[in-house]
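Listed below are the residues making up each chain.
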Amino acid sequence: MSALRRRQLRGVVVAGLAALGFLWVFAGHAGGQPKGQKEEIARGKLSYRIYCRNCHGAEAKGDGSVASLLKVPPSDLTTIRVRNGGTFPEDRVIAMLDGREEVAAHGSRDMPLWGQVFQEDAANPGVLKPEAAQAKIKDLVAFLKSIQTDAAPAKPGP
């Protein structure tokens, strides 16, 4: 990866983390979920928009802007629960996101697509913080759980 591309990617990450911080403070004051859960979902939705939407689509149906360019079509993330017998497999989804379970389209376990980006400290580029990755993954899983439907899956996946 070129130095320019790394700087551009860092800029996107810094902007995303700043937005996550804003959502952390101001999100989730209405609706039926507890405030903390609403905040997790809001942060997860923002992470989804930054890291997942181009492949999985704005509505998480597997129809993102680059989906047609991929060898492995992105799955419909709104039907994870349906594809797993009515239960959202939280531990398995976490393992897919953190690289413990390989997902062909996400890259190898040695270099998951978002592994370093999820761990990198925005204030100190190049410094990795595994706890930051765990927090992002927790938020992303909360968001994915919040968008589950009972519809039959349109795209294959976990």
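Everything numeric here is computed off the predicted structure, so don't read it as measured data.

> Describe in detail the overall build of the protein chain, supporting the description with residues and values.
When its secondary structure is counted, the protein chain shows seven helices and zero strands. Taken from the N to the C terminus, the helices and strands of the protein chain come in the order α-α-α-α-α-α-α. Long-range pairs, those at least 24 residues apart, make up 50% of the contacts in the protein chain between residues at least 6 apart in sequence. Accessible surface for the protein chain amounts to roughly 9,200 Å². Of this, 57% is attributable to carbon and sulfur atoms.

> Please provide a residue-by-residue account of the nonpolar core, values included.
If you look at the biggest cluster of nonpolar residues, it comprises 17 residues, and the most contacted ones within it are Tyr48, Leu77, Phe88, Val93, Phe118 and Leu144. Contributing elements (two or more residues each) for this core: helix 2 (35-51) and helix 7 (130-146).

> Give a description of helix 5 (residues 90-98) that names residues and reports values.
What helix 5 keeps buried is the set Val93, Ala95 and Met96. Viewed along the axis of helix 5, the buried residues span an arc of 160°, placing them on a single side of the element. Buried residues belonging to helix 5 abut helix 4 (80-83) and helix 7. Positive phi shows up at glycine 99, right after helix 5, with a value of about 95°.

> Describe in detail unusual backbone geometry, supporting the description with residues and values.
In this model, alanine 60 sits at a positive phi of 65°, which is unusual for a non-glycine residue. Looking at where alanine 60 falls in the secondary structure, it is placed in the loop between helix 3 (53-56) and helix 4. What makes alanine 60 buried here is its relative accessible area of 1%.

> So what's going on with the packing of helix 2 against helix 7? Residues and values would help.
Two elements in contact, helix 2 and helix 7, have axes whose closest approach is 7 Å; the angle formed by their N-to-C orientations is 95°. It follows that helix 2 is roughly perpendicular to helix 7 by the angle criterion. Residues Glu40, Ile41, Arg43, Gly44, Lys45, Ser47, Tyr48 and Tyr51 of helix 2 touch helix 7, and the partners they reach there are Lys136, Lys138, Asp139, Leu140, Ala142, Phe143 and Ser146. Its residues placed into classes, the contact of helix 2 with helix 7 shows six nonpolar, three polar and six charged.

> Provide a residue-level description of the pattern of salt bridges, including the pertinent values.
Overall, the coordinates contain four salt bridges when judged by the stated rule. Its salt-bridge partner being arginine 81, residue aspartate 150 comes within 2.8 Å of it at the nearest N-O pair. Linking aspartate 150 in the segment after helix 7 with arginine 81 in helix 4, this pair joins segments that are 69 residues apart in sequence. Its salt-bridge partner being lysine 145, residue glutamate 90 comes within 2.9 Å of it at the nearest N-O pair. Here glutamate 90, found in helix 5, pairs with lysine 145, found in helix 7; they are 55 residues apart in sequence, far enough to count as distant.

> Which residues make up helix 2, and what values do they have?
If you check helix 2, its first and last C-alpha atoms are 24 Å apart, about what 17 residues at 1.5 Å a residue would give, namely 24 Å. Lys38, Glu39, Glu40, Ile41, Ala42, Arg43, Gly44, Leu46, Ser47, Tyr48 and Tyr51 are the residues of helix 2 that are buried.

> Now, about the state of the cysteines: what can you tell me, with residues and values included?
Evaluation of the coordinates by the stated rule reveals zero disulfides. Lacking any disulfide linkage, cysteine 52 is separated from the closest cysteine sulfur, that of cysteine 55, by 8.4 Å. Judged by relative accessible area, cysteine 52 falls into the buried class, the value being 12%. A residue is classified by how much of its surface remains accessible, and cysteine 55, at 24% relative accessible area, is partly exposed.

> Describe the environment of isoleucine 80, with residues and values.
Structurally, isoleucine 80 is set in helix 4. Judged by its relative accessible area of 1%, isoleucine 80 is buried.

Calculation rules
Residues numbered from 1 in each chain as written. Predicted model: local features only at pLDDT ≥ 70, side-chain atom pairs only at ≥ 80, totals over all residues. Heavy atoms only, no water. Helix = DSSP H or I, 4+ residues; strand = E, 2+ residues; numbered from the N terminus. Contact = heavy atoms within 4.5 Å. Areas by Shrake-Rupley, 256 points an atom, 1.4 Å probe, with all protein chains shown as cover. Core = buried A, V, L, I, M, F, W, Y, C linked by side-chain atoms within 4.5 Å. Buried < 20%, exposed > 50% of the residue type's maximum accessible area, 1.4 Å probe, protein only. Arc of directions from axis to C-beta. Axes fitted to C-alpha atoms, helices over the stretch in contact; angles between N-to-C directions. Parallel < 35°, antiparallel > 145°, perpendicular 65-115°, else oblique. Nonpolar A, V, L, I, M, F, W, Y, C, P; charged D, E, K, R; others polar. Salt bridge = Lys/Arg side-chain N within 4 Å of Asp/Glu carboxyl O. Expected span 1.5 Å × (residues − 1). Disulfide = S-S within 2.5 Å.

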